[in-house]
Amino acid sequence: NSLDTRALIWVTALNAFLNNKIFGVGYFMFHKISFHYNVLPENLYITFVEGLDTHSTFLGFLTETGLSGLALILLYYAFTFYYSFRSLRISKTESSRNISVILNILVFFMFTTSIYSGAFTFGYNGFVMHIIIWLTIANYLFLKRNPIGELEQN
């Protein structure tokens, strides 16, 4: 599960992508069909790649859903970043700014972790990703409707 063994997985995943650029190999299918795209010696493939996911959220979306899926997940993240930064700008009180900073840090962590880890493609972490995104959007909408911090002044 180190970076060098991830590189072996990534080589196989990139080969799968190159053979299915637009729509990929199917969501959450890489671990089942990776042997069709193996370019490694068989013993390396069996030891380090067989049965594993891509170990990168972005590469996973690229491999499994192609350019179309990667574009959509990047758009999803871009909108989240936009609203996260907007929340920072429109925060008027210290507590609303603190909440916005925490959510901004979580969004940044989620994005950077998605580069080298496949944590957000399935399971509980997938739910956590969507919860962070939904909280970020909800925070923005709350701040947009309550710009002067009326709740704190009462």
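Trainee: Is there a simple way to think about the side chain of glutamate 64 in this case?
Mentor: In this fold, glutamate 64 is placed in helix H4 (residues 57–90). Among buried charged residues, glutamate 64 stands out as having no salt bridge; its nearest opposite-charge side chain is lysine 32, 10 Å away. A polar side-chain atom of glutamate 64 sits 2.9 Å from the main-chain amide nitrogen of phenylalanine 28. Once you skip the residues sitting within four places of it in the chain, glutamate 64 turns out to touch Phe23, Gly24, Val25, Gly26, Tyr27, Phe28, Met29 and Phe30.

Trainee: Is there a simple way to explain the packing of H4 against helix H6 (residues 123–145) in this structure?
Mentor: Helix-helix packing: each pair is described by the crossing angle between the helix axes and the interaxial distance. The contact between H4 and H6 brings their axes to 9 Å, and the two run at 40°. Compared by their axis directions, H4 and H6 come out oblique. Judged by the twist between their axes, the crossing of H4 over H6 is left-handed. Contacts between H4 and H6 involve Tyr76, Tyr77, Thr80, Tyr83, Ser84, Arg86, Ser87 and Ile90 from the former and Met129, His130, Ile133, Trp134, Thr136, Ile137, Asn139, Tyr140, Leu143 and Lys144 from the latter. Class assignment of the residues belonging to the contact of H4 with H6 gives a composition of ten nonpolar, six polar and two charged.

Trainee: It is not clear to me how the packing of helix H5 (residues 94–116) against H6 should be interpreted in this structure. Could you clarify?
Mentor: Where H5 contacts H6, the two axes come as close as 10 Å, and the packing angle between them is 150°. Between H5 and H6 lies a crossing of left-handed hand. For the pair H5 and H6, the contacting residues are Ser96, Ile99, Ser100, Leu103, Leu106, Val107 and Met110 in the first and Met129, Ile132, Ile133, Leu135, Thr136, Asn139 and Leu143 in the second. In the contact of H5 with H6, the residues fall into ten nonpolar, four polar and no charged.

Trainee: Help me understand the confidence of the model for the protein in this model?
Mentor: Any segment with low pLDDT has predicted coordinates that should not be analysed in fine detail. Residues with a pLDDT of 70 or more make up 94% of the protein, whose mean pLDDT is 89. Mean pLDDT across the elements of the protein ranges from a minimum in helix H7 (residues 150–153), with 53, to a maximum in H4, with 94.

Trainee: Just checking my understanding: could you explain H6 for this structure?
Mentor: Along an α-helix, a turn takes 3.6 residues, which lines up residues three or four apart on a common side. For H6, built from 23 residues, the straight-helix expectation of 33 Å at 1.5 Å per residue is met to within 8% by its first-to-last C-alpha distance of 34 Å. Residues of H6 that are buried: Gly126, Met129, Ile132, Ile133, Thr136, Asn139, Tyr140 and Leu143. On the buried face of H6, the contacting elements are H4 and H5.

Trainee: Hey, could you run me through the nonpolar core in this one?
Mentor: Side chains of a nonpolar character, in soluble globular proteins, are inclined to be buried together. Val49, Leu70, Ile73, Tyr77, Met110 and Met129 are the most contacted members of the largest nonpolar core, which has 26 residues in total. Counting residues per element, the ones that place at least two in this core are helix H1 (3–19), helix H2 (30–33), H4, H5 and H6. Looking at this core, the element that brings in the most residues is H4, giving eight residues. Ignoring sequence-local partners within four residues, the contact set of valine 49 consists of Leu8, Ile9, Thr12, Ser34, Leu40 and Leu44.

Trainee: Is there a simple way to think about unusual backbone geometry in this case?
Mentor: Note: most peptide bonds trans; most residues except glycine with negative phi. With a phi angle near 55°, phenylalanine 28 is a residue other than glycine that sits in the positive phi range. Following the sequence through the fold, phenylalanine 28 ends up in the loop between H1 and H2. Given a relative accessible area of 34%, phenylalanine 28 falls into the partly exposed group. Located in the positive-phi region is histidine 55, a residue other than glycine, with phi close to 60°. Following the sequence through the fold, histidine 55 ends up in the loop between helix H3 (42–48) and H4.

Cut-off values and rules
Residues numbered from 1 in each chain as written. Predicted model: local features only at pLDDT ≥ 70, side-chain atom pairs only at ≥ 80, totals over all residues. Heavy atoms only, no water. Helix = DSSP H or I, 4+ residues; strand = E, 2+ residues; numbered from the N terminus. Buried < 20%, exposed > 50% of the residue type's maximum accessible area, 1.4 Å probe, protein only. Lys, Arg positive; Asp, Glu negative; His and termini not counted. Salt bridge = Lys/Arg side-chain N within 4 Å of Asp/Glu carboxyl O. Polar contact = N/O pair within 3.5 Å; in protein donor to acceptor, adjacent residues only side chain to side chain. Contact = heavy atoms within 4.5 Å. Axes fitted to C-alpha atoms, helices over the stretch in contact; angles between N-to-C directions. Parallel < 35°, antiparallel > 145°, perpendicular 65-115°, else oblique. Left-handed = near helix turned anticlockwise from the far one by under 90°. Nonpolar A, V, L, I, M, F, W, Y, C, P; charged D, E, K, R; others polar. pLDDT = per-residue confidence, 0-100. Expected span 1.5 Å × (residues − 1). Core = buried A, V, L, I, M, F, W, Y, C linked by side-chain atoms within 4.5 Å.

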